[in-house]
Amino acid sequence: MSKPLYVFDMDETLINADCAMIWNEFLVEKGIVTDPSFLEEDQRLMALYAKGEMDMEDYIQFSMTPLVELTTSQVDALAKECVEKYILPKQFKQSKTLIAELNKDGVEMVIISASVAFLVKAVGERLSINHSLGIDLVEQSGCYSAEISGVPSYREGKVTRLKEWLQQQPDDYSQIHFFTDSINDLPLCQEADFAYLVNPCPLLKPYGEQKNWTILEWD
């Protein structure tokens, strides 16, 4: 019996925005971040991400440092508030419809994102996607640290993390369907049985056209 698995990138794929940038703006709004240059540096780093040139360890160090004094439960509660207030309203209507259809048909779904795992999990729970993979962080004394645990789900690391996840599942999946917008996800596009490019970035779109991947225009 055919058992497909649908795998989704999160930012600019399911959500019409970058969730990590929304999260950082939220931290400033909450007064947790007080450095006036924080959002400017965030934009600089995300511009590198868009070109496929970000150093993920540098980004995690930058983005997690303001949170290292908060407990994991405090951070998780903030993430849920941010998702509810600012991220959920930015979900693509087409992704909402697709997720509802897949849930109705009993099709398994996974979000795999280069955002930190606690944020990806909070988004996945609200989108009714049972499984989520993000960048895991080492926990120290009940707090999230700025140290990455294991392989980060970024670029080729997404392929590694998905394969690790698949090995832990009781079922074998017949086909992997992968949705993304980003050049950083080219390795997983090439690994999947079917790739769908959601409003693909200028660097990814030519690959999609060359390989005849499905290109979607979502709003």
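Residues numbered from 1 in each chain as written. Predicted model: local features only at pLDDT ≥ 70, side-chain atom pairs only at ≥ 80, totals over all residues. Heavy atoms only, no water.

The protein is annotated in an unreviewed UniProt entry as HAD family hydrolase of Vibrio nereis.

K.L.:
Before we go on, may I ask you to explain the overall build of the protein in this structure?
P.N.:
Regarding its fold elements, the protein presents 9 helices and 8 strands. Rg of the C-alpha trace for the protein: 17 Å, near the compact-globule value of 17 Å for 219 residues, within the 12% margin. Structurally, the protein occupies a C-alpha span of about 50 × 35 × 30 Å along its principal axes. Each of the 219 residues in the protein was classed as buried or not, and the buried ones make up 51%. Expressed as a percentage of contacts within the protein between residues at least 6 apart in sequence, the contacts between residues at least 24 apart total 61%. Side chains of the protein carry 18 positive and 36 negative charges; the gap between the two charge centres is 5 Å. (Helix = DSSP H or I, 4+ residues; strand = E, 2+ residues; numbered from the N terminus. Rg over C-alpha atoms; globule rule 2.2 N^0.38 Å. Buried < 20%, exposed > 50% of the residue type's maximum accessible area, 1.4 Å probe, protein only. Contact = heavy atoms within 4.5 Å. Lys, Arg positive; Asp, Glu negative; His and termini not counted. Charge placed at Lys NZ, Arg CZ, Asp CG, Glu CD.)

K.L.:
Got a minute to help me understand helix α3 (residues 56-64) in this structure?
P.N.:
Met56, Tyr59, Ile60, Phe62, Ser63 and Met64 are the residues of α3 that are buried. Near the N-terminus of α3, the side chain that reaches the backbone nitrogen of Glu57, with its oxygen 3.0 Å away, is that of Asp55. (Polar contact = N/O pair within 3.5 Å; in protein donor to acceptor, adjacent residues only side chain to side chain.)

K.L.:
Help me understand the pattern of salt bridges, please; the structure alone is not making it clear to me.
P.N.:
It is possible for side chains of opposite charge to pair when their charged atoms get near one another. Applying the stated rule across the entire model yields 12 salt bridges. Measuring nitrogen to oxygen at the nearest pair gives 3.9 Å for the salt bridge that ties Lys51 to Glu53. Ionic pairing is found between Glu156 and Arg155, a salt bridge with its closest N-O pair at 4.0 Å. A relative accessible area of 46% means that Glu156 is categorised as partly exposed. (Salt bridge = Lys/Arg side-chain N within 4 Å of Asp/Glu carboxyl O.)

K.L.:
Honestly, unusual backbone geometry in this entry has me stumped. Any pointers?
P.N.:
Non-glycine residue Ser128 carries a positive phi angle of around 65°. Within the secondary structure layout, Ser128 lies in the loop between α6 (117-127) and β3 (131-135). In the Ramachandran plot, Asn199 falls in the positive-phi region, its phi being about 45° despite a non-glycine side chain.

K.L.:
Explain the packing of helix α1 (residues 19-29) against helix α2 (residues 38-50) to me, please; I cannot follow it from the model alone.
P.N.:
Angle between the axes and distance between the axes are the two parameters that describe a pair of packed helices. At their nearest, the axes of α1 and α2 sit 10 Å apart, and the two run at 170° to each other. Taken together, the axes of α1 and α2 are roughly antiparallel relative to one another. Here Met21, Asn24, Glu25 and Val28 of α1 come into contact with α2, specifically with Phe38, Leu39, Asp42, Gln43 and Met46. A class-by-class count of the residues in the contact of α1 with α2 yields 5 nonpolar, 2 polar and 2 charged. (Axes fitted to C-alpha atoms, helices over the stretch in contact; angles between N-to-C directions. Parallel < 35°, antiparallel > 145°, perpendicular 65-115°, else oblique. Nonpolar A, V, L, I, M, F, W, Y, C, P; charged D, E, K, R; others polar.)

K.L.:
Got a minute to help me understand the nonpolar core in this structure?
P.N.:
Among the nonpolar cores identified, the biggest contains 59 residues, and Trp23 and Phe118 are the most heavily contacted of them. If you look at the next biggest cluster of nonpolar residues, it comprises 21 residues, including Leu162, Ile176, Leu204 and Trp213. (Core = buried A, V, L, I, M, F, W, Y, C linked by side-chain atoms within 4.5 Å.)

K.L.:
Hey, could you run me through the side chain of Asp185 in this one?
P.N.:
Topologically, Asp185 is positioned in the loop between β6 (175-180) and α8 (186-191). Take Asp185: its relative accessible area is 1%, and that puts it in the buried class. Among the polar contacts made by the side chain of Asp185, one reaches the side chain of Thr180 at a distance of 2.5 Å. Aside from chain neighbours lying at most four places away, what touches Asp185 is Asp9, Lys158, Phe178 and Thr180.

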